[in-house]
Amino acid sequence: AKSKAKAKAKAMALAHMEKDGASDADDEDEGEVAKKPEAFVGGATGKYQWDEASASRCADVSADGQTQGEVITRYTWSERSKNLSIYIENDGWHDVPDKAMKLEIGAFEVTFTIDAGAGKRRRFHMAKLAGEIERAEFVRKQNPHRLVIKLWKKEPEVWGQLQELEEARE
């Protein structure tokens with residue numbers, strides 16, 4: 001008797017699941033149910049919301065289409081309310097003197113260029129920052145494979161993302 005009851009309950013559950021699946025499919029066809037993109041909260045906000053448009057914001061090409069040097073793509077970042085740090089991985093340029101490194105900022109962008117001589121140039125450029133910055137500096141860490149770009153925010157606030165999202169501007 002118990003096995004018949006279990007079988008009946010299992011069949012009812014399976015039938016209910018099939019019914020729910022069919023009604024969801026009907027709703028999707030009618031466009032009534034819109035799937036929301038996965039939302040990340042806290043420190044992950046903005047960190048995982050990349051699409052092709054936002055990936056191209058780091059392109060290292062000038063307005064006339066000329067490459068400005070080998071693009072530095074290996075970096076991480078962290079922030080506090082008053083400043084943020086961008087950690088750049090050093091791929092063979094730890095011997096380059098500080099005077100061969102140049103840091104430039106705009107209100108919403110930062111560019112770091114390394115001139116290693118013999119025509120070798122490395123460049124990190126980040127445009128469309130999530131907020132306005134007022135000053136910056138770079139610091140070499142004890143670890144010879146890392147350099148830190150420190151950016152001070154104009155307004156003390158947590159951005160939650162390094163760059164402005166496309167839909168935020170619309």
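Residues numbered from 1 in each chain as written. Predicted model: local features only at pLDDT ≥ 70, side-chain atom pairs only at ≥ 80, totals over all residues. Heavy atoms only, no water.

## What about the overall build of the chain?
When helices and strands are tallied, the chain shows 3 helices and 8 strands. In the chain, the order of α-helices and β-strands from amino to carboxyl end is α-α-β-β-β-β-β-β-β-β-α. Buried positions account for 26% of the 170 residues belonging to the chain. Put simply, of all contacts in the chain between residues at least 6 apart along the chain, 58% involve residues at least 24 apart. (Helix = DSSP H or I, 4+ residues; strand = E, 2+ residues; numbered from the N terminus. Buried < 20%, exposed > 50% of the residue type's maximum accessible area, 1.4 Å probe, protein only. Contact = heavy atoms within 4.5 Å.)

## Overview of the environment of Thr111
Mapped onto the elements, Thr111 comes out in strand β5 (residues 109-117). Spatially, the C-alpha atoms of Thr111 and Phe124 are 5.6 Å apart, while their sequence positions differ by 13 residues. What Thr111 contacts, discounting residues up to four positions off in sequence, is Lys102, Leu103, Glu104, Arg123, Phe124 and His125. There is a polar contact of 2.6 Å between the side chain of Thr111 and the side chain of His125. (Polar contact = N/O pair within 3.5 Å; in protein donor to acceptor, adjacent residues only side chain to side chain.)

## Notes on the pairing of strand β4 (residues 101-106)
Note that β4 and β5 share 6 bridges and pair antiparallel. Bridge pairing links Glu104 to Thr111 in β5. The turn linking β4 back onto β5 is made up of 2 residues. (Pairing = 2+ DSSP bridges.)

## Quick notes on the sheet that holds strand β8 (residues 146-153)
The antiparallel open sheet is built from 4 strands, whose spatial order is β2-β3-β8-β7. The outermost strands of the open sheet, each flanked by one partner alone, are β2 (75-79) and β7 (133-140). Mean inter-strand twist for the sheet, computed between neighbouring axes without regard to direction, equals 20°. With 5 bridges connecting them, β2 and strand β3 (residues 83-89) associate as antiparallel partners. (Axes fitted to C-alpha atoms, helices over the stretch in contact; angles between N-to-C directions.)

## Observations concerning the nonpolar core
Counting residues in hydrophobic clusters, the biggest one holds 20 residues, and the most contacted among them are Ile86, Ile88, Phe112, Phe124, Ile149 and Leu151. Taken together, the elements giving at least two residues each to this core come down to β3, β5, β6 (120-126) and β8. Apart from the residues lying within four places of it in its own chain, the contact partners of Leu151 are Lys82, Asn83, Leu84, Ile86, Ile105, Val110, Leu129, Ile133, Arg135 and Ala136. (Core = buried A, V, L, I, M, F, W, Y, C linked by side-chain atoms within 4.5 Å.)

## Description of the pattern of salt bridges
Using the criterion set out here, one finds 5 salt bridges in the structure. The closest approach of N and O atoms between Glu79 and Lys153, which form a salt bridge, is 2.5 Å. Taken together, the residues span a long stretch of sequence, with Glu79 in strand β2 and Lys153 in strand β8 at a distance of 74 residues. (Salt bridge = Lys/Arg side-chain N within 4 Å of Asp/Glu carboxyl O.)

## Remarks on the sheet that holds strand β1 (residues 70-71)
Spatially, 4 strands are ordered β1-β6-β5-β4 in an open sheet, and the strand pairing comes out mixed. Edge positions in the sheet fall to β1 and β4, since each has one partner strand and no second.

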